Amino acid sequence: MTTVENTHRILPGTPEWTDLLSGIASGAADRDRNDENPFDQVAALKRAGFGTLRLPRELGGAGLTVPQLFSAVIDVAQADPIVAHIFRAHFWFVEERLRSQSRKWLDLASAGKIFGNAFSEKGSNAVGSLVFNTRLLPGPDGGFRLDGEKYYSTGTLFADYLTTTATTDHDSVATVVVPADRPGVKIIDDWDGFGQRRTGTGTTTFSGVAVAADELLSDSPYDAEPTPTVQYASLQLYIHAVVAGVLANVVDDGVALLRSRERSFSHALAERPTDDPLLQRQLGELASTAYVARTAVLDAAEAIGAATESEVDGVPDAALATEAQLRVAKVKVHLDDIAPVAATRLLELGGASASSRQRNLDRHWRNIRTITLHNPVGLKARAVGQNLLHGTALPANAYF
């Protein structure tokens, strides 16, 4: 958990925002290379009110639109994609509480509290299954007892509250929220991925954790029809906002790499690498890739925003929701293809010296490749094709 005091909101686009991002970017490559958790950087964003950007002004937030939020996420990811990824579950939680008008939790978010997740479990059940080994059973005083083990709980190491799912004693699925420091909660920083390494994506265990009745968010039968929502699409797009930020950082590092080179090959087209038309072209292509990535993400965010604004009793207009889901799916299919290639081509701007561990330029490919493994791209592309041919609806679960 990251303790924060003396909050002062900093809005995207201001000089203070630029300074904040500069501070986060400083040392990002070193933190990745040295496997250091970005506690100070997360705390700086919390103090700046980053987690309140989507809350309406009447609830103490900044009142940003969905596209404005995603633009800010791309900015943070350009500075450090690890830090940006940490807030993913938090923004999903806030949107869900806005949808359900849960004032208690919105007030805590307004006060600067950050919400992490502990949903996924290892085992034989299919990814996205609503059957969990984690159990929520009746406890004393009308409350409950939570026991189980979760994995891939991104951001939990930095969160104030944890949202988790469990099977009940009446064979339904429950969602609860508990403080991260409650007795019986144990957060283990054991994520061993080769990219996005310090996002706190590890194991979370619950051992006899007391859960109050008002900490139960939902209790639904396994076979209940899912409530229509675009928030699952938003979760997916968030990942690709991080990818778009990485691509912007690839361009920054490409400029710095070329400017740092003092020699070229004997058969090169110019004496200085910065004057070599082939290298100039390659840098321009990287910049174009980053631009298209950002534009595509923000276009899909516009569709999510339109669907969100159409909600009546928490349910969006069906046509707008479908359009948002399709745009997000197409963004993933495209970026999963071009982003790893762009990160590889960055290294070609510097030749063998670009592989220096001191430069740590391989982190861009590692981070992109790791985060794009969320949900299989082949199934996403096939679903888009099915929709075009037959009007088939996209899967209505968080893991599509």
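Each remark here, short or long, concerns the structure printed above.
The present account deals with the structure reproduced in this document. (Residues numbered from 1 in each chain as written. Predicted model: local features only at pLDDT ≥ 70, side-chain atom pairs only at ≥ 80, totals over all residues. Heavy atoms only, no water.)

**Digging into the nonpolar core**
How we decide: In this text, buried Ala, Val, Leu, Ile, Met, Phe, Trp, Tyr and Cys residues form a nonpolar core when linked through side-chain atoms within 4.5 Å. Three exposure classes are used, based on accessible area relative to the maximum for each residue type with a 1.4 Å probe and protein chains only: buried under 20%, partly exposed in between, and exposed over 50%. Secondary structure elements are taken from DSSP: a helix is a run of H or I of four residues or more, a strand is a run of E of two residues or more, and numbering for both begins at the N terminus. Annotation comment: domain bounds sourced from an automatic or database domain assignment.
By size, the foremost hydrophobic cluster in this structure holds 71 residues, and its most contacted members are F50, F87, L237 and V297. Going through the elements one at a time, α1 (15–25), α3 (39–47), α4 (66–79), α5 (81–86), α8 (231–260), α9 (277–309), α10 (318–348) and α11 (362–371) are the ones with two or more residues in this core. When residues in this core are grouped by element, the largest group, 14 residues, is from α8. Mapped onto the domain boundaries, this core takes at least three residues apiece from domain 1 (15–113) and domain 3 (230–390).

**Focus on the pattern of salt bridges**
Our working rule: Think of a salt bridge as a Lys or Arg side-chain nitrogen and an Asp or Glu carboxyl oxygen that are within 4 Å of each other.
Under the definition given, this model contains 23 salt bridges. With a shortest N-O distance of 3.2 Å, K46 and D160 are connected by a salt bridge. Here the residue K46 occupies a position in helix α3, and D160 occupies one in the loop between β3 (144–153) and β4 (161–168), the gap between them amounting to 114 residues. Neither K46 nor D160 differs from the other in exposure class; each is buried. Residues participating in the shared-partner salt-bridge network are D32, D35, R197, D362 and R366.

**Things to note about α4**
One turn of the α-helix equals 3.6 residues, which is why residues spaced by three or four share an orientation. This is how it is decided: Here, expected helix span is obtained from the residue count minus one, scaled by 1.5 Å.
Helix length check: α4, at 14 residues, gives a terminal C-alpha distance of 20 Å against a target of 20 Å (1.5 Å per residue), a fit within 8%. When you tally the buried positions in α4, you get 11 out of 14 residues, the bulk of the element. Of all the residues in α4, the buried ones are V66, P67, L69, F70, A72, V73, I74, D75, V76, A77 and A79.

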